[in-house]
Amino acid sequence: MNPLSGEIHCRDNGAMTINREYDNLLTTLGLDDVAAVYDHADGETVKQIPQRSVTRLTVPWKGRTRVLYLKRHRPVRIGFSDRMRQQGIQRYSQGRIEFDHICRFRENGFATVSPVACGEKRLGAHVISFLITEDVSPFVSLEEIIRHRPEFFSGTEGQRRKDILLETVGQLARRMHRCGLNHRDFNATHILLYYAEGCDRPETALFDLQRVDRRSFFRFRWPIRTLARVGQTLPAPLFTEADRLTLFRAYKGKTTLNLRDRFQRFWIHRKTARISRHTEKIMARKAKHMKP
């Protein structure tokens, strides 16, 4: 069984929601209070941007080392529409939103990063929030395999593994959409894989579920954006147009494409090119700012 699957059982104390599996661990660490989590100074900073920070916490627990990731969001102003919601702002903070998305994916049978806890606190017209998850080892991202082990998908054996992978990813995306869920950052960075010894078909999981779309009105656009995003992160020459066709056919569940399918694939191709141009502009700006 995939260690990142299964329903999440939680307890909610108002300010925090805690996965019961980690209840004792958080109490021992003193991280069972929103203020304590935000004041926690230990750990290694792995990401620091204006909107949020991510800290890696390495802690001993029951004879083994556990690695947790603490994502703390900066204060966000509460809009008028949020204040008008009867349920209260805590349901709309970024930490809560991502935790709820993870639980919803789990309820629909998808493997995800393991959620530990989330919490939020209102500060006048602003709200702060956080999410704690556990390290996904031995799962690694598809991006990491592409970057550090491209030979895994090279040659005759590599092509066979690649075909199986693309079929698996395409079927995963189709099942996700049929369940009414759309991971808006469905790409090689956020697709997690685990290859058991001697097996060429990977187990899969998803993470970074902060941006998820469940609005049925926009469903017709889900395949375009999803396949364009993941396709843009499959670099040439390791992945070819034939490989992207394999991915598309797996998503459609077809071997023969009709006229509507061909138009949809053309639309995906255009969207992929647009994403690539946008990404190149962002990288160029970052490189310019990094110059002395």
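Up top is the structure these notes are about.
Source: prediction; values computed, not measured.

Engineer: How should unusual backbone geometry be read in this particular structure?
Structural biologist: Glycine aside, residues mostly have negative phi angles, and peptide bonds mostly take the trans form. For the bond running from Ser 137 to Pro 138, omega is 10 degrees, close enough to zero to count as cis. Along the chain, Pro 138 falls in the loop between strand S7 (126–134) and strand S8 (140–141). Residues Ala 236 and Pro 237 are joined by a peptide bond in cis, for which omega reads 5 degrees. Position of Pro 237 relative to the elements: it lies in the loop between helix H7 (222–232) and helix H8 (241–252). For Lys 62, which is not glycine, the phi torsion reads 55 degrees and is therefore positive. Not every positive phi belongs to a glycine, and Asp 208 is a case in point at roughly 55 degrees.

Engineer: How should the packing of helix H6 (residues 155–178) against H7 be read in this particular structure?
Structural biologist: The description of two helices packed together rests on the angle between their axes and the distance between the axes. The geometry of H6 relative to H7 is characterised by a closest axis approach of 11 Å and an angle of 150 degrees between their N-to-C directions. Considering their axes alone, H6 and H7 lie roughly antiparallel with respect to each other. The hand of the H6/H7 crossing is right-handed. Residue-level inspection shows Val 169, Ala 173 and His 177 of H6 in contact with H7, the latter providing Trp 222, Pro 223, Thr 226 and Val 230. Tallied by class, the residues present in the contact of H6 with H7 amount to 5 nonpolar, 2 polar and no charged.

Engineer: Help me out: how do you make sense of the pairing of S7 in this one?
Structural biologist: Two faces, one strand: in a regular strand the side chains alternate between the faces of the sheet. Most of S7 sits inside the fold, with 8 of its 9 residues counted as buried. Two elements, strand S5 (residues 64–77) and S7, share 8 bridges in a ladder whose sense is antiparallel. What sits directly across from Leu 70, in S7, is Ile 132. Alignment of strand S6 (residues 114–123) against S7, held across 9 bridges, turns out to be antiparallel. Looking at the pairing, Ala 117 lines up with Ile 132 of S7.

Engineer: It is not clear to me how the packing of H7 against H8 should be interpreted in this structure. Could you clarify?
Structural biologist: Taken N-terminus to C-terminus, the directions of H7 and H8 make an angle of 145 degrees; their axes are 11 Å apart at the nearest point. When you trace H7 past H8, the crossing you get is right-handed. Touching Pro 223, Leu 227, Val 230 and Gly 231 of H7 are Arg 244, Leu 247, Phe 248 and Tyr 251, all from H8. Counted by class, the contact of H7 with H8 contains 6 nonpolar, 1 polar and 1 charged residues.

Engineer: Explain the sheet that holds strand S1 (residues 10–12) here, please?
Structural biologist: Sheets are built from strands that pair by backbone hydrogen bonding, the pairs being arranged parallel or antiparallel. The 7 strands are arranged S1-S2-S6-S7-S5-S4-S3 in an open sheet whose pairing can be described as antiparallel. Only two strands of the sheet have a single neighbouring strand rather than two, namely S1 and strand S3 (44–49). The average undirected angle you get between the axes of adjacent strands in this sheet is 15 degrees. Two strands pair when backbone bridges link them, and S1 and strand S2 (residues 16–19) are joined in this way by 3 bridges, in the antiparallel orientation. Following the sheet pairing, Asp 12 is matched in S2 by Thr 17. Most of the contacts of helix H4 (residues 94–107) go to S6, to which it runs at about 150 degrees, and overall it touches S1, S2, S5, S6 and S7.

Parameters and conventions
Residues numbered from 1 in each chain as written. Predicted model: local features only at pLDDT ≥ 70, side-chain atom pairs only at ≥ 80, totals over all residues. Heavy atoms only, no water. Helix = DSSP H or I, 4+ residues; strand = E, 2+ residues; numbered from the N terminus. Axes fitted to C-alpha atoms, helices over the stretch in contact; angles between N-to-C directions. Parallel < 35°, antiparallel > 145°, perpendicular 65-115°, else oblique. Left-handed = near helix turned anticlockwise from the far one by under 90°. Contact = heavy atoms within 4.5 Å. Nonpolar A, V, L, I, M, F, W, Y, C, P; charged D, E, K, R; others polar. Buried < 20%, exposed > 50% of the residue type's maximum accessible area, 1.4 Å probe, protein only. Pairing = 2+ DSSP bridges.

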